[in-house]
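Coordinates in review
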Amino acid sequence: MMNWLPENVSTYGTDMDAVMHSIWNIVFVWFLLAEAVLFYFLIRYRKKKGQRAKYKTGNSLKEMSWVLIPAAIVLMFDLGIDFYQNPVWKKVKIDIPQDPDLVVKIEGQQFVWNMTYPGLDNKFGTIDDFKTTSQLYVPINKKVVFELSSKDVIHSFWVPNLRLKQDAVPGRVIKGWFEAVKNGTYSIGCAELCGSGHGMMRGQLHVLSDKEYQDWVYKKTPKKAKKALEAAADSQQENSHE
Ligand SMILES: [Cu+2]
């Protein structure tokens, strides 16, 4: 089958793709079958001389079975898909790593994504925190947890290359995670119609090597914070010499 999806760069992307492909395959087979039956009936019961259409109430069991049997088959496939996708859902949405390498706060706002980083000390609410607008930088092969919120309306944080989509709901902080496995720059979009600038609510995910990422964090750290941290480190050294 043709690959319709953008390149997958996430650890759980292959599982997500397998679910999507299986749904497409099921739908495709039934689409062909339904069309075949439709065209067969169109030709078989086409207008003929001396043959009048009959009015059918659809009340007999035999007639109703044309609806009931397909409905039962659809339900069966539904349950099958539910069963099959359940472990993938659990992996992506439920089993959020308890010991992530990085936590980032992401806030949706008409029409940007505000990213807050914990900075060099890896703690939020300290002097070295910094923000970016719609640009998410992460190290490669590291577990990244995000805390997603919204400042105004419902948005949806969407990174197609990661196979990641999560609603951002005002008043709630929703956790999610991903691990990117390929360096590069990938698109971030908003997947929930959120106002006139919804289509412009785009950003970028930058997957960097460990070293590049550390350099970037250092570069982004506010000067004041760098000075304070260096002074603290110095005084600690002095104390340990005493
Ligand atoms: Cu939005």
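None of these values were measured; they are calculated from a predicted model.

Reading the values: rules and limits
Residues numbered from 1 in each chain as written. Predicted model: local features only at pLDDT ≥ 70, side-chain atom pairs only at ≥ 80, totals over all residues. Heavy atoms only, no water. Helix = DSSP H or I, 4+ residues; strand = E, 2+ residues; numbered from the N terminus. Buried < 20%, exposed > 50% of the residue type's maximum accessible area, 1.4 Å probe, protein only. Phe/Tyr/Trp six-rings, centres within 6.5 Å; stacked < 30°, edge-to-face > 60°. Lys NZ or Arg CZ within 6 Å of the ring centre and 35° of its normal. Domains from an automatic or database assignment. Contact = heavy atoms within 4.5 Å. Buried area = accessible area lost by both parts, 1.4 Å probe. Salt bridge = Lys/Arg side-chain N within 4 Å of Asp/Glu carboxyl O. Polar contact = N/O pair within 3.5 Å; in protein donor to acceptor, adjacent residues only side chain to side chain. Nonpolar A, V, L, I, M, F, W, Y, C, P; charged D, E, K, R; others polar.

Along its length, the protein carries four helices and ten strands. Sequence-ordered secondary structure for the protein, helices as α and strands as β, is α-α-β-β-β-β-β-β-β-β-β-β-α-α. With respect to the three principal axes, the spread of C-alpha positions in the protein is 110 × 35 × 30 Å. Evaluated residue by residue, the protein yields a buried proportion of 31% over its 242 residues.

It is worth spelling out the packing of aromatic side chains at this point. Two aromatic rings are characterised by how far apart their centres lie and by the angle between their planes. Summed over the entire model, instances satisfying the criterion amount to 13 aromatic pairs. Centroid distance Tyr40 to Phe41: 5.6 Å. Interplanar angle 50°. Geometry classified as tilted. Accessibility expressed as a relative area gives 48% for Tyr40, which makes it partly exposed. Given a relative accessible area of 32%, Phe41 falls into the partly exposed group. Members of the aromatic cluster, joined through ring pairs, are Tyr117, Phe130, Tyr137, Tyr213 and Trp216. Directly above the aromatic system of Tyr218 lies the positively charged group of Lys226, at a separation of 4.4 Å from the ring centroid.

The subject of this paragraph is the domain arrangement of the protein. The domain boundaries assigned to the protein delineate domain 1 (13–45 + 55–94) and domain 2 (102–233). Counting residues at the interface gives seven residues for domain 1 and four residues for domain 2. For the pair domain 1 and domain 2, the two sides together bury roughly 480 Å², of which 42% comes from carbon and sulfur. Counting the surface domain 1 buries against domain 2, the share from its top three residues, Asp17, Val92 and Lys93, is 62%. Our count for the domain 1 to domain 2 interface comes out at one salt bridge. Applying the counting rule to domain 1 against domain 2 returns five residue pairs in polar contact (both at pLDDT 80 or more). Elements represented by at least two residues in the side of domain 1 that touches domain 2 include exactly α1 (13–44) and α2 (61–94). A breakdown of the residues in the side of domain 1 that touches domain 2 according to their chemical character gives three nonpolar, one polar and three charged.

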